[in-house]
Amino acid sequence: MVSKKTFFLTLSGENINLSKFEIISLFKSKNTKFFNVKLIDRLLIISSEKNISNYIASRAALTHDISELLMVSSIEEHDIIESLKRIDLNKKIENKKSFAVRIQKIGLKDINSEYFERIIGRIIFNKIKKKIRVDLLNPDILFYGVFVKNKFVFGINNAQKIRSNFKPNSLKSRPFFHPSALNPLLARVMVNLSQIKETDIFLDPFCGTGSILIEAFLVGCNKLIGIDINHKMISGAKRNLIKIGVKNMELLLSDSNHIPLRSVSGIATDPPYGRSSSTYKKPLILLIENFFLEMSDLILKNQLITLALPSHIKLVELIDNLYFEIINEFNQYIHSSLTRRIYVIQKK
Ligand SMILES: C[S@@+](CC[C@H](N)C(=O)[O-])C[C@H]1O[C@@H](n2cnc3c(N)ncnc32)[C@H](O)[C@@H]1O
């Protein structure tokens, strides 16, 4: 029988559905079965057959922390204390010399986190039948609790500060820059939504300066293909990729309406909108329609494409006849006249 563990993750607040789908995409890319997905405000609770916390911590862009769930109670103090008393902590704390308790709250101003850190710390200390000290700075085990809505969710933290430790390859650090370059955080999210695995051949058919390829490389994908119609972009992307140590890449000066490839296994892309990047006189709708026509020959059933487009483009009408379906979409406000929409599209 597969043993099931439950985890809770604090998602970043700017687009909760996108953050949640990023996590689900990571479970899928790791071929890990998951169950009972529940969202309480921006706290995601998810059970799975394996612990993939390290994998999530190394890849996710829109999550703050991940912890293994030990108990859920109401926010009443006596309920919290009774629930804590029922947990067997001795097994969890084997080989550990120090611990700390950290309590966070999501949207509940009146709760005094420090007070709960103290009383929970004391209960844990009294429950454990071995010598252990409190180390607030560098504990061997961090107990982590979150007050959210009418619940107190408590467990052992596996990774913290995922979002703030996320070290994107910043635009400033690159030898080649263009105003159309995609924000590295969004590039990472798009790579994750495409569910690529390390062994995949990853394609960005409108690669520009290479932001998406860079993030694909940073999550461990080592066969990268970029296509762009503009030779300055191809040579600039090459400089950007060499700078971060990419060796296995093909950068093709070509039109993505005629792709010179036989197969690829992961695709994320950000086509031109005709503003800071040119469509080279082709109407954007035609460019996208022809691109999907190419994709229908290139990719297999169930393969995914992650694509960013301005929200006014009616993508569903363009791709329906071509045997693609939109499995998810997320709006991202850029400024008053542009909302970007991120699509995850699957070949039927
Ligand atoms: C929005 S930019 C991509 C930016 C890129 N994601 C980055 O972060 O640098 C779109 C790119 O598509 C390229 N492009 C335009 N038409 C194309 C076509 N038919 N085939 C391939 N590339 C094309 C443009 O030269 C431009 O570099």
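Definitions and cut-offs
Residues numbered from 1 in each chain as written. Predicted model: local features only at pLDDT ≥ 70, side-chain atom pairs only at ≥ 80, totals over all residues. Heavy atoms only, no water. Pairing = 2+ DSSP bridges. Helix = DSSP H or I, 4+ residues; strand = E, 2+ residues; numbered from the N terminus. Contact = heavy atoms within 4.5 Å. Axes fitted to C-alpha atoms, helices over the stretch in contact; angles between N-to-C directions. Domains from an automatic or database assignment. Buried area = accessible area lost by both parts, 1.4 Å probe. Salt bridge = Lys/Arg side-chain N within 4 Å of Asp/Glu carboxyl O. Polar contact = N/O pair within 3.5 Å; in protein donor to acceptor, adjacent residues only side chain to side chain. Buried < 20%, exposed > 50% of the residue type's maximum accessible area, 1.4 Å probe, protein only. 1 Å grid on protein atoms, 1.4 Å probe; cavity = no way out; pocket = protein on both sides within 12 Å on 5 of 7 lines; lining within 4 Å. Points joined across faces, edges and corners; volume = space filled by probe spheres on them. Nonpolar A, V, L, I, M, F, W, Y, C, P; charged D, E, K, R; others polar. Phe/Tyr/Trp six-rings, centres within 6.5 Å; stacked < 30°, edge-to-face > 60°. Lys NZ or Arg CZ within 6 Å of the ring centre and 35° of its normal. Right-handed = clockwise from strand over helix to strand, strands pointing away.

Overview of the sheet that holds strand S3 (residues 43–48)
Move 1: Reading across from one edge, S2-S3-S1-S4-S8-S7-S5-S6 is the order of the eight strands in this open sheet, with mixed pairing throughout. With partners counted over all chains shown, the strands left at the sheet margins are strand S2 (34–40) and strand S6 (133–134), one partner each.
Move 2: Docked against the sheet, helix H1 (residues 16–29) engages strand S1 (5–11), S2, S3 and strand S4 (63–74), running at close to 165° with respect to S2.
Move 3: Helix H3 (residues 77–86) rests against S4, strand S7 (141–148) and strand S8 (151–159) of the sheet, and its axis sits at about 95° to S4.

Focus on the domain arrangement of the chain
Move 1: In terms of domain boundaries, the chain breaks down into domain 1 (5–164) and domain 2 (169–347).
Move 2: With centres defined by C-alpha atoms, the gap from domain 1 to domain 2 works out at 35 Å.
Move 3: Across the contact, 17 residues belong to domain 1 and 14 residues belong to domain 2.
Move 4: Approximately 1400 Å² of surface area, both sides summed, lies buried where domain 1 meets domain 2, with 62% of it carried by carbon and sulfur atoms.
Move 5: The three residues of domain 1 that bury the most area against domain 2 are Leu18, Phe21 and Arg59, which together make up 45% of that side's buried surface.
Move 6: Here domain 1 and domain 2 share zero salt bridges between them.
Move 7: Connecting domain 1 to domain 2 are five residue pairs in polar contact (both at pLDDT 80 or more).
Move 8: Of all the secondary-structure elements, those providing two or more residues to the side of domain 1 that touches domain 2 are H1 and helix H2 (53–59).

Some words on unusual backbone geometry
Move 1: The residue Lys281 is not glycine, and still its phi comes out positive at about 70°.
Move 2: Its place among the elements puts Lys281 in the loop between strand S12 (266–269) and helix H9 (284–298).
Move 3: Residue Lys281 is classed as exposed on the basis of its relative accessible area, which comes to 86%.

A few points about the layout of surface pockets
Move 1: One number sums up the size of the largest pocket: a volume of about 690 Å³.
Move 2: Surrounding the largest pocket, 39 residues form its lining, Ser180, Asp270, Pro271, Pro272 and Ser277 being those nearest its centre.
Move 3: Residue composition of the lining of the largest pocket, by class: 16 nonpolar, 16 polar and seven charged.

Here we look at the packing of aromatic side chains
Move 1: Applying the stated rule across the entire model yields 13 aromatic pairs.
Move 2: Between Phe143 and Phe154, the ring centres sit 6.0 Å apart and the planes meet at 5°, which makes this aromatic pair stacked. In this pair, Phe143 sits in strand S7 while Phe154 sits in strand S8, placing the two residues 11 residues apart along the sequence.
Move 3: Following the ring pairs from residue to residue traces out a cluster consisting of Phe99, Tyr115, Phe116, Phe125, Phe143, Phe147, Phe152 and Phe154.
Move 4: For Lys30, the ring lying beneath its charged end belongs to Tyr55, and the centroid distance is 4.7 Å.

Some points on the pairing of strand S11 (residues 249–253)
Move 1: Relative to S11, strand S10 (residues 223–228) is paired through five bridges, and the arrangement is parallel. Its bridge partner lying in S11, Gly226 is registered against Leu251.
Move 2: Once the chain exits S10 it traverses helix H8 (residues 231–243) before rejoining the sheet at S11, and the crossover so formed is right-handed.

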